[in-house]
Amino acid sequence: QVQLVESGGGLVQTGDSLRLSCAASGRTFSSYTMGWFRQAPGKEREFVARISWSGGITGYTDSVKGRFTISRDNAKNTVYLQMNSLKPEDTAVYYCAASRLAYPTMTIQYDYWGQGTQVTVSS
């Protein structure tokens, strides 16, 4: 069992930066691939980024490549999402999730979810 708690969301302006954190409970955190998803009002939850258990392999959706960076600290049971050059279209609730698979990008491939944190980017 893994419990996930996101933090770091807020209201920012276009071009600003935010760093989201996701704290995990459980001794097996380091064995999971971790991912970030987001869901805007009226839209489906979409994949944003993922990171392998070791942190050595990452993946991003095209719309955030070059702007967002996912990282993890297994000693702290925490995964991060550094978001730079934020745009209004990045506005959404951001969720972290844990998966036992190697390269998961779909919601169904993740086993545990946090409650989400709101990110709002004003123009």
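Provided above is the structure to which this section pertains.
Values in this document were obtained by computation on a predicted structure and should not be read as measured data.

S.K.: Mind laying out the environment of isoleucine 70, listing which residues take part and the relevant values?
M.R.: By the secondary structure assignment, isoleucine 70 is in strand β7 (residues 68–73). Spatially, the C-alpha atoms of isoleucine 70 and valine 2 are 19 Å apart, while their sequence positions differ by 68 residues.

S.K.: Please set out the pattern of salt bridges residue by residue, giving values where relevant.
M.R.: Taken as a whole, this structure holds five salt bridges when the rule is applied. In this structure, the salt-bridge partner of aspartate 62 is lysine 65, at a minimum N-O distance of 3.0 Å. Residue classification places aspartate 62 among the exposed positions, given a relative accessible area of 61%. Here arginine 100 makes a salt bridge to aspartate 111, at a shortest N to O gap of 3.5 Å. In this pair, arginine 100 sits in the loop between β9 (92–99) and β10 (112–113) while aspartate 111 sits in the loop between β9 and β10, placing the two residues 11 residues apart along the sequence. Bridged by salt links that share partners, the residues Arg38, Glu46, Arg67 and Asp90 form one connected network.

S.K.: I'd like to hear about the nonpolar core, residue by residue, with values.
M.R.: With 29 residues, the main nonpolar core has Leu4, Trp36, Leu81, Met83 and Tyr94 as its most contacted residues. Those elements giving two or more residues to this core turn out to be β3 (18–24), β4 (33–39), β5 (46–51), β7, β8 (78–83), β9 and β11 (117–122). Dropping the residues within four chain positions of it, leucine 81 is found in contact with Leu18, Arg19, Leu20, Trp36, Val48, Ala49, Phe68, Thr69, Ile70 and Tyr94.

S.K.: Got a sec to walk through the sheet that holds β3? Specific residues and values, please.
M.R.: One open sheet holds the four strands; their spatial order is β1-β3-β8-β7, and the pairing between them is antiparallel. Of all strands in the sheet, those with a lone pairing partner are β1 (4–7) and β7, marking the two edges. Geometrically, the sheet is characterised by an average inter-axis angle of 15° between neighbouring strands, direction not taken into account. One ladder, built from six bridges, connects β3 with β8; its direction is antiparallel. Along β8, the bridge assignment pairs leucine 20 with leucine 81.

S.K.: I'd love a proper account of the packing of aromatic side chains, names of residues and values included.
M.R.: Tallied over the entire structure, the rule returns six aromatic pairs. Ring centres of tyrosine 95 and tryptophan 113 lie 6.5 Å apart, and the angle between their planes is 80°; on these two criteria the pair is classed as edge-to-face. Linking tyrosine 95 in strand β9 with tryptophan 113 in strand β10, this pair joins segments that are 18 residues apart in sequence. When its relative accessible area of 13% is taken as the criterion, tyrosine 95 is described as buried. Of the aromatic side chains, those joined through ring pairs into one cluster are Phe37, Phe47, Tyr95, Tyr110 and Trp113. The ring of tyrosine 95 is capped by arginine 45, whose NZ or CZ atom sits 3.7 Å from the centre of that ring. We note arginine 45 situated over the ring of tryptophan 113; from NZ or CZ to the ring centre the distance is 4.9 Å.

Rules of the game
- Residues numbered from 1 in each chain as written.
- Predicted model: local features only at pLDDT ≥ 70, side-chain atom pairs only at ≥ 80, totals over all residues.
- Heavy atoms only, no water.
- Helix = DSSP H or I, 4+ residues; strand = E, 2+ residues; numbered from the N terminus.
- Salt bridge = Lys/Arg side-chain N within 4 Å of Asp/Glu carboxyl O.
- Buried < 20%, exposed > 50% of the residue type's maximum accessible area, 1.4 Å probe, protein only.
- Core = buried A, V, L, I, M, F, W, Y, C linked by side-chain atoms within 4.5 Å.
- Contact = heavy atoms within 4.5 Å.
- Pairing = 2+ DSSP bridges.
- Axes fitted to C-alpha atoms, helices over the stretch in contact; angles between N-to-C directions.
- Phe/Tyr/Trp six-rings, centres within 6.5 Å; stacked < 30°, edge-to-face > 60°.
- Lys NZ or Arg CZ within 6 Å of the ring centre and 35° of its normal.

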